[in-house]
Structure formats: C-alpha cells, structure tokens
Amino acid sequence: METMSANYEDRDTLFNFVVKEGNGVKGLIDSGISCVPQPFVQPLSERIATPNGQTCEAVQPIDISQLDGPCHTEVAKQIVEAAETLGFFQVVNHGVSVELLELLKMSAHEFFEQPPENKAVYLKEVSPSKLVKYGTSFVPEKEKAIEEVALDFLKSSMAMVKRIVEVLVEDVGVILEEERMNSLMGTKMVNMNYYPTCPSPELTIGVGRHSDMGMLTVLLQDGIGGLYVKVDNGDWLEIPPLNGALVINVGDTLQILSNGKYKSAEHRVRTTNIGSRVSVPIFTAPNLSEKIGPLPEVVERDGVARYKEVLFQDYMNNFFSQPHDGKKSLDFARAD
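You'll find the chain entered in an unreviewed UniProt entry as Fe2OG dioxygenase domain-containing protein, with Brassica napus given as the organism. You can read under Sequence similarities (unreviewed entry) in the UniProt record for the chain the words "Belongs to the iron/ascorbate-dependent oxidoreductase family."

Here it is, written out as structure tokens:
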C-alpha cells in the first residue's frame, strides 16, 4: 500500500490510474489513500480556505414562472441585475419537476459508485454509446435509462433557458429571430460530475477558477454545496444549495454578445470531507460554425465594440487548449 501511495506522487502514474484506466479520483479514495497526492495539492493562492464562508445574494431565488404574469417587469429586472453583477442566480418554478431533479441526483450517485472496470467501458475513446462518455460509471444494462433521464432534464430545461436569454437580449434592445436564437444555443451538453469525499479538502480543489464558454449554464447541485463565485472585490462567495432550485450562470458568449453588459461568472468548486458531491450541468453554446461578436445594436448604443467577431469553434479550441485560469479565455475575443 505504501508503494502504491508513493507511485501516486508521480504525475504519469497518477494520470494513468485516474484517467486512462478509468478509476477516476474516486478510485484513489477507494484505494485507501489518507492524504492528497502531491500533484493535486494546490498553491496557497488557489485553495479555498473554509467551507463555511459567506453566501451570496443568489440565496434568494427568482420565481421564473412570474415572467408570464403581472410581475413580468419586476422578475425580468431581477434577472438582468443578476446577469450584470454576479453572473449567477437561482430559479424556482422553472418547469423541471422536482421528481426528475431528485432522480438525476440519485442516478449520478448510483452510477459513479460502480466498480472502475465499468467506468473504463465508457472512456471517451472506446465508449459504445454516443451519449455516455468518459469516465462515468455507467453499466451497459443501465445506459438507456440514464440517457433518458439526462435527456429529459435537457428537454425540460430548454424552454426556461430560451426565456431567460430573451429577457436578457430584449433589455439591450434586441429581438433575436428564431433561427439566430437556435444557432446561438445549438450546442447542448449534459454532464454528471462527481466529487468524492476528500481526506484533506483544505489542500486541493474540485474544479479550478474558470468561466463557462457558452451562453447560459443550468446547474443542479445536491445538498453538499461547494460552488463558489468570485465577486468584484475579489472575494469568493458560496452559491448555497436550495432544494428544488436550479443555478443559472452567464457564459463568455453572452458576455461577448452583450459587449460586456452581462458578466460571465468566474467560479470554482471546493472538495469536502463530509460526503461525496454530485452536480449536473447543462451547457448551452453556439453551433461551431456560428460567429460571435457584440450585437450591432449594442455597439451602436455603447459607441465601441469591446470584443471582435470570432468563429465559435476557434473560441472553443482556444478555451480547451488552456488550463483553468479565471476568465483569461475572454482575451481571445477582446478587441485590439
């Protein structure tokens, strides 16, 4: 056991065990390690000091159903203000059933707790499924069921996503045609993320500082918590889990389209020693062939274009070619 633990200090050995062999970080925990391998230890500047830090205003959820009633103006104002300032907010009465949300969380825990040999079947390079890929613990006989749950979540959420985008672009004086709206959200992906219990959460992180590259992200998180967003003064505030709520955050594409009016949110995830955590995000992004740049109406209003027009595929390629480093991916599209 000591020899195996020592091997985990070697980056190549660690990568092969965690990624290539499909064991994941959970495999490290299951092997009985009592400390975080050195390659996972973060510098002091990147560590999250405490799981009991301040929570942010997103604790007050927005009732999205009120967009269809007499409170439309007030609810739209809440959405716009959240997108302009924090880039994160939570919504309730969103049209996705609580039963489906609970099933998603249960399914994620169940499948990620499968043996590592079942995970290896679904590594991206060899997966027999077009929808289930890379290190998730899905076993063949249950693949169809989990695909249906994930697709139900996606389909149930898209009307809400479209409505939020409509509110945000209308506030900058733009009405997007249906074809353009569909092109800007033509790429959709559902992830299931699993963060196993960590022996020393103060030394490491679950996911490093980054913003999302797309339009909007919809996130279901369980009751463990651990999602942090960076605010203007440099502090990190936790987005607390709320039963039945979904977290919405602005992506880089929407920041670019709005010429900087809306803020893609820099965020990260801590680890915990109180139990395993799951989260299920839906990422919406433009078609790869779509060009993204500030909307002409917004540039006319602002008198300057803060971003240049780029092909989304080029933006995505640059995004994934860089390690997580806050919002530096936006530099690729900044005007010269």
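A word on the overall build of the chain. Along the chain, the regular secondary structure elements total eleven helices and 13 strands. Burial statistics for the chain: of 336 residues in total, 51% are counted as buried. When contacts within the chain are restricted to residue pairs at least 6 apart in sequence, long-range pairs at least 24 apart make up 77% of them. Summing over all exposed atoms, the chain offers an accessible surface of approximately 16100 Å²; the carbon and sulfur share of this is 52%.

For helix α11 (residues 312-320), the set of buried residues is F312, Y315, M316, N318 and F319. For α11, the arc enclosing every buried residue in end-on projection is 165 degrees, short of the 170-degree limit, so these residues lie on one face.

Further remarks concern the packing of aromatic side chains. Tallied over the full model, the rule gives two aromatic pairs. When the ring of F319 is compared with that of F320, the centres are 5.2 Å apart and the planes differ by 85 degrees; the resulting orientation is edge-to-face. Relative accessible area serves as the criterion here: at 14%, F319 is assigned to the buried category. Owing to a relative accessible area of 59%, F320 belongs among the exposed residues under this scheme. Positioned over the ring face of W236 is R268, at 4.1 Å from the centre of the ring.

Moving on, we get to the side chain of T217. Take T217: it is sitting in strand β6 (residues 216-221). With near-sequence residues (within four places) excluded, T217 lies in contact with D212, V247, I248, N249, P281, I282 and F283.

As a further point, take the side chain of S264. Counting through the fold element by element, S264 comes out in the loop between α9 (252-257) and β10 (267-269). With a relative accessible area of 2%, S264 lands in the buried category.

Within the chain, residue pLDDT values average 84, and 86% of them lie at 70 or more. In the model, residues 1-6 has pLDDT below 50 throughout and makes four contacts with residues more than four positions away in sequence or in other chains. Low confidence marks residues 131-144, where pLDDT is under 50. Its contacts with residues over four positions away, or in another chain, come to 42 contacts.

Moving on, we get to the nonpolar core. Membership of the largest hydrophobic core comes to 65 residues, with the highest contact counts inside it found for I79, F153, M160, I164 and L246. Per element, the largest residue contribution to this core is twelve residues, and it comes from helix α7 (residues 143-171). For I164, the residues in contact, after removing those within four places along its chain, are I64, I79, F89, L216 and I248. Formed by twelve residues, the second largest nonpolar core is a distinct cluster that contains L219, L237, V247 and V269.

Take the environment of P323 next. Among the secondary structure elements, P323 is positioned in the segment after α11. For P323, a relative accessible area of 64% gives the class exposed. Through-space distance from the C-alpha of P323 to that of H210 is 9.0 Å; in sequence the pair is 113 residues apart.

With antiparallel pairing, the four strands of this open sheet are ordered in space as β5-β10-β7-β8. With partners counted over all chains shown, the strands left at the sheet margins are β5 (207-210) and β8 (236-238), one partner each. Within this sheet the neighbouring strands show an average axis-to-axis angle of 20 degrees, counted without direction. Examined bridge by bridge, strand β7 (residues 227-230) and β8 share three bridges and lie antiparallel to one another. Across the sheet, the residue bridging to K230 is W236, located in β8.

Now for the environment of V98. Of note, V98 is situated in helix α5 (residues 98-112). Residues V98 and G244, 146 residues apart in the sequence, show an inter-C-alpha distance of 5.7 Å.

Of all five residues in strand β9 (residues 246-250), five are buried; the element is thus mostly enclosed. Burial along β9 is two-sided: L246, I248 and V250 and V247 and N249, pointing in opposite directions, are all buried. Examined bridge by bridge, strand β2 (residues 88-92) and β9 share four bridges and lie antiparallel to one another. The partner of Q90 across the bridge, within β9, is V247. For β6 and β9, the ladder comprises four bridges, and the chain directions are antiparallel.

Rules used in this analysis
- Residues numbered from 1 in each chain as written.
- Predicted model: local features only at pLDDT ≥ 70, side-chain atom pairs only at ≥ 80, totals over all residues.
- Heavy atoms only, no water.
- UniProt positions renumbered as here; feature names shortened; annotations may be inferred.
- Helix = DSSP H or I, 4+ residues; strand = E, 2+ residues; numbered from the N terminus.
- Buried < 20%, exposed > 50% of the residue type's maximum accessible area, 1.4 Å probe, protein only.
- Contact = heavy atoms within 4.5 Å.
- Areas by Shrake-Rupley, 256 points an atom, 1.4 Å probe, with all protein chains shown as cover.
- Arc of directions from axis to C-beta.
- Phe/Tyr/Trp six-rings, centres within 6.5 Å; stacked < 30°, edge-to-face > 60°.
- Lys NZ or Arg CZ within 6 Å of the ring centre and 35° of its normal.
- pLDDT = per-residue confidence, 0-100.
- Core = buried A, V, L, I, M, F, W, Y, C linked by side-chain atoms within 4.5 Å.
- Pairing = 2+ DSSP bridges.
- Axes fitted to C-alpha atoms, helices over the stretch in contact; angles between N-to-C directions.

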